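# A closer look at the structure
Residues per chain, in single letters:
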Amino acid sequence: MHLEEVEVSWVDLALRAEVGTSGGVHGRRPVVLLRVVCDGQEGWGECGALLQGTLVDPPTDRVWDLLVDHVVPRLLQATQGQGGEVPGLHDLAAACLPADGGVPQRMAWASVEMALLDAALRRAGDPLARHLGVPRTTVPYGGVAGIPDHHTVATLLSEVQRIVDAGAARVRLKIAPGWDITPVAAVRSQFPALALQVDANGAYCLGTDDDSDAEKLVDLDGFGLTCIEQPMEPGDLHGHAVLAERLDTLVALDESLGSVADLERALAAGACEVACLKPARLGGIDMLGRAASVCAASGTPAFVGGFFETGLARAVNACLAGLPGLTLPGDVSAPTGYLAVDPAPWPPFEGSGVPVWHEPGVGPAPTSEVLTRFTRKVRRFEVPDRVVDRTPGSRPDRTPGSTG
Ligand code: MG
């Protein structure tokens, strides 16, 4: 493919309602989108970074800087080295990711991979599902209920009811020290047959004598939870292995899994009985596929985790959730449930399963109307030796202004 255009946009979105976690509250949801044109075909990529980041994931502005200062320039350099032809994605990943790169670099790269693959698939007329060999047409999905203001149980119960009514196959509750046993008991009492799991986002530790003592989590064993996700700090594999021995409930890891190598280390340590795999953090579609294979080979249940994506990256996640190693419902609900406005809306659908994207490309392209309203800054890149169709009107200007 001949690379013709590259553009990075910052789109300022908001969640419908704030989502509380043990680490803070998510409200604004700026998203960085990458647009490429190859052989006249547009392709879109999306970056998963959240406004303030997480324990291990970089904030949005950090990934923006990485993309515009390092990753896209490396893409252009590698492409120029091949006379304007985009190298294969494996070679390009090696060129764009520094050997000592971490989660921030992988997150930036994932959006480049998505955009280039989207352009290639659209040009070939292939959906991502066919490219990956995913035969499913729908996948079950799970919902997430945050920590409500003032720890109000009634608010939590109505939120869980809303998620269940929308067709979710499971619900994940955010917990924190002081907000764990009581909400789980209340939800389990009202929803005795619901597939339920909890997510502590690393808020507990072993050996304390207060609410944050991870030993307390043994009290959740009686509630039939699918798993307890990321009870302790991401780097504490030994602690998670110890806890996994003590609890009947399976211990899941999320933030600890920043790469496929991290997953393999966690499995070897006995610290990961269930894996929450996030393609944006692991380094994209190819890396998620590798992680899913590792889970399948080891018999470890796994699910696709989300970052409040737009319809574009959600469609990717829904497709990935159909890979053989992803045995549990993922965070692949429709973005209309959490985004005030989705720039890349899916066609309406009903029922308990989320449709796997079956049109050419990786997912729905962002609409120019929403981008025009919410794009705050754009960086366009000069592509060396590019071949551009300069026919007036060949590409409408999708964004309000440019920073260069
Ligand atoms: Mg989590």
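What you see is a predicted model, and the numbers here were worked out from it, not measured in a lab.

### Let's talk about the overall build of the protein
On a plain count of helices and strands, the protein comes out with twelve helices and 13 strands. Computed over C-alpha atoms, the radius of gyration of the protein comes to 21 Å, within 12% of the 22 Å expected from 2.2 N^0.38 for 404 residues, which places it in the range of a compact globule. With respect to the three principal axes, the spread of C-alpha positions in the protein is 65 × 40 × 40 Å. The buried share among the 404 residues of the protein stands at 56%. Counting 32 positive and 51 negative side-chain charges, the protein places the averaged centre of each group 6 Å from the other.

### Structural notes on the packing of aromatic side chains
Two aromatic rings, taken as a pair, are described by how far apart their centres are and by the angle between their planes. The full count for this structure, using the stated rule, is two aromatic pairs. Between tryptophan 10 and tryptophan 64 the ring centres are 6.2 Å apart and the planes differ by 70°, which places this aromatic pair in the edge-to-face class. Here the residue tryptophan 10 occupies a position in strand β1 (residues 3–21), and tryptophan 64 occupies one in helix α1 (residues 60–80), the gap between them amounting to 54 residues. Summarising the burial analysis for this pair, tryptophan 10 and tryptophan 64 share the class buried. If you follow arginine 170 out to its NZ or CZ, it ends over the ring of phenylalanine 303, 5.2 Å from the centre. Of note, lysine 278 hangs over the ring of phenylalanine 307, and the distance from its end group to the ring centre comes to 4.6 Å.

### Here's the deal with the sheet that holds strand β3 (residues 41–46)
In sheet architecture, strand pairing relies on hydrogen bonds along the backbone and comes in two forms, parallel and antiparallel. With respect to topology, four strands assemble into an open sheet ordered β3-β2-β1-β13, the strand pairing being antiparallel. The outermost strands of the open sheet, each flanked by one partner alone, are β3 and β13 (375–381). Across the sheet, the axes of successive neighbouring strands diverge by a mean angle of 20°, strand direction being ignored. With six bridges connecting them, strand β2 (residues 24–38) and β3 associate as antiparallel partners. By the bridge assignment for β3, valine 37 is matched with glutamate 42. Contacting β1, β2 and β13, α1 runs over the sheet at an angle of about 160° to β1.

### Describing the pattern of salt bridges
Enumeration over the complete set of coordinates arrives at 23 salt bridges. With its nearest N and O atoms 2.7 Å apart, the salt bridge here joins arginine 281 to aspartate 57. Of this pair, arginine 281 sits in helix α9 (residues 279–282) while aspartate 57 sits in the loop between β3 and α1; the two residues are 224 residues apart in sequence, bridging distant segments of the chain. Aspartate 57 matches arginine 281 in its accessibility class, with the two residues each being buried. The partner of lysine 174 in a salt bridge is aspartate 199, and the shortest N-O contact between them spans 2.8 Å. You can see lysine 174 sitting in strand β6 (residues 170–174) and its partner aspartate 199 sitting in strand β7 (residues 196–199), a full 25 residues away along the chain. Look at aspartate 199 and you get buried, because its relative accessible area is 0%.

### Considering the coordination of the magnesium ion
Bound to the magnesium ion are the protein donor atoms Asp199 (OD), Glu229 (OE) and Asp254 (OD), situated 2.0 to 2.3 Å from the metal. Each donor residue of the magnesium ion lies on the same chain, and together they follow the pattern D-x29-E-x24-D. Of the two residues, aspartate 199 sits in strand β7 while glutamate 229 sits in strand β8 (residues 228–229), which places them 30 residues apart along the sequence. Each member of the pair, aspartate 199 as well as glutamate 229, is classed as buried.

### Examining the nonpolar core
In terms of nonpolar packing, the biggest core is built from 127 residues, with Leu3, Val6, Leu173 and Leu277 touching the most fellow members. No fewer than three residues from each of domain 1 (3–127 + 365–389) and domain 2 (135–355) sit in this core. The contact partners of valine 6, leaving out residues within four places of it in the chain, are Leu34, Arg35, Val36, Val72, Leu75, Leu76, Arg379, Arg380, Phe381 and Val383. If you look at the next biggest cluster of nonpolar residues, it comprises five residues, including Ala252, Val274, Cys276 and Phe303.

Criteria and cut-off values
- Residues numbered from 1 in each chain as written.
- Predicted model: local features only at pLDDT ≥ 70, side-chain atom pairs only at ≥ 80, totals over all residues.
- Heavy atoms only, no water.
- Helix = DSSP H or I, 4+ residues; strand = E, 2+ residues; numbered from the N terminus.
- Rg over C-alpha atoms; globule rule 2.2 N^0.38 Å.
- Buried < 20%, exposed > 50% of the residue type's maximum accessible area, 1.4 Å probe, protein only.
- Lys, Arg positive; Asp, Glu negative; His and termini not counted.
- Charge placed at Lys NZ, Arg CZ, Asp CG, Glu CD.
- Phe/Tyr/Trp six-rings, centres within 6.5 Å; stacked < 30°, edge-to-face > 60°.
- Lys NZ or Arg CZ within 6 Å of the ring centre and 35° of its normal.
- Pairing = 2+ DSSP bridges.
- Axes fitted to C-alpha atoms, helices over the stretch in contact; angles between N-to-C directions.
- Contact = heavy atoms within 4.5 Å.
- Salt bridge = Lys/Arg side-chain N within 4 Å of Asp/Glu carboxyl O.
- Donors = N, O, S within 2.8 Å, 3.2 Å for Na, K, Ca; no water.
- Core = buried A, V, L, I, M, F, W, Y, C linked by side-chain atoms within 4.5 Å.
- Domains from an automatic or database assignment.

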